[in-house]
Amino acid sequence: LAGGGVAAPLLSAGPAHAADLDPGTIPKYEVPMPRIPVLKPSRLTSGTSFFDVDMRESDVQILPGRKTRVLTYGGAFPGRTLLATTGRRTVVSRLNTLGTATSVHLHGAHVAPEHDGGPMDLIAPGDRRSYTYPNTQTHANLWFHDHAHHHESEHVYRGLSAFYLLSDRTERSLPLPSGEFDVPIMLRDARFDTDNQLVYVMDDFLNRNTILVNGRPWPYFQVAARKYRFRILNSTNLRFFTLKLSDGGSFTQIGSDGGLLAEPFETTELRLSCGERADIVVDFARYPVGTSLELVNDNGPGPAEHVGKVLRFDVVRTAADDSSVPARLRTLPALPTPTVERTIDLRMDEDGRPHPNAYIDEKLYDHHRVDTVIQHGTTELWTVRNVNELAPHNFHMHLVQFRVLERNGTPVTGGPEGGLKDTVTLLAGESVKLQATFKGYRGSYVYHCHMLDHSAMGMMATMQIV
Ligand code: C2O
Ligand code: CU
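Per an unreviewed UniProt entry, the chain carries the name Multicopper oxidase and comes from Streptomyces aurantiogriseus.

Read across the open sheet, the four strands follow the order β4-β9-β8-β6; overall the sheet is mixed. Of all strands in the sheet, those with a lone pairing partner are β4 (82-85) and β6 (104-107), marking the two edges. Across the sheet, the axes of successive neighbouring strands diverge by a mean angle of 25 degrees, strand direction being ignored. Taken together, the four bridges between β6 and strand β8 (residues 140-146) define a ladder with antiparallel strand orientation. What sits directly across from H105, in β8, is H145.

In this structure, P78 follows F77 across a cis peptide bond, with omega equal to -10 degrees. Mapped onto the elements, P78 comes out in the loop between β3 (68-73) and β4. Put simply, G300 and P301 share a cis peptide bond, and its omega is -5 degrees. One non-glycine residue, N135, adopts positive backbone phi at about 55 degrees. In this fold, N135 is placed in the loop between β7 (128-133) and β8. A positive phi angle, close to 75 degrees, is found at H150, a residue other than glycine. Relative to the elements of secondary structure, H150 occurs in the loop between β8 and α1 (152-157).

Reading the values: the criteria
Residues numbered from 1 in each chain as written. Chains lettered and ligands numbered in written order. Predicted model: local features only at pLDDT ≥ 70, side-chain atom pairs only at ≥ 80, totals over all residues. Pairing = 2+ DSSP bridges. Helix = DSSP H or I, 4+ residues; strand = E, 2+ residues; numbered from the N terminus. Axes fitted to C-alpha atoms, helices over the stretch in contact; angles between N-to-C directions.

Structure below.
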């Protein structure tokens, strides 16, 4: 598996790889977009919500016809959404009934190292373990995904992902669209065979050309002619999205990885690399009832007639709307003065050989090695460069929400990257300057490219906070 190629069957009854399913044979805009169900707590105490989630194989309806065998959190694809509140602890007990070791990472969380779900901190098959999330950070759309080293890419591809929506008083006090008008959307791609089974091949960015939205291919979503809040996650391993409305209409980005932006950002496109999140508000009031418009993706690779389509909105009714987007959404934390500067280089082999390696600072990930030692409490500036000529990457740090100070030497002031971030896009040749403060916990955490096939190929490193 680590060497790439067609993986040995991971699923217990995984059929041999039949011929590829042509994405053109999958009907578009014929199934409704499901709303992802909310996970129910198993127990509540005064300060803690407890959840139980087993990891298991399930057969789920993704495509018309035969079901698809996937790896799930609790039998659902994608997993059910865990709703958490700042100041109230969450404890999740995980039983691993899969035939493979897993590690459950809560992406974007400020959490102790032993609850972070790092790549070497595994739950063996048959074992159970509890993760505690203190929820001391401010509101943010976080997500769970597998992180078992060398296998994170295949495990996430096969289904191990779920939203974790952390809310706080600041967020709840705003008059944003809420309830049924606040809709999480998880985007991904996949490659299927003619038996409707997922095909996993490492670094297979050319062939994952079926777009899934909340677990279904190219669905439609019926909306009322009013404002909606969409919390969008790009949960793909390799695909970047540039999302637009098919009429070129504008919408408002109100949040990014680490919660709301300081101010709303009016735009006609939303770029999301792997692992990134964005909150947008779309006002359908400008469309007459009966209008259909698409959410399209203006980004490759793959045939535009497939990967250029994502979701169709059908405006089917009118509805009252007392929601609004305030001109100020939140106050971002002050930026302390950094005292340490570092440069981090991302590069993967681009010589065309089939099983490329991917590096951080020219080194493959080695969990025995500490790559960066950080003094607890320090604020640091990291210049992260993608030194490839062709390959895009992105960059994710565990533990912290950082700020993007510069992109390609140009200061970032406001806009979609002006808020709290934990994952940032780096197209070939790009660089970003990031600022982060490392406090709250000591211990080892990783940073890596969140194109998960790349991290599985070695593009990951360890920082130790001492
Ligand atoms: Cu979303 Cu280290 O991961
Ligand atoms: Cu990468």
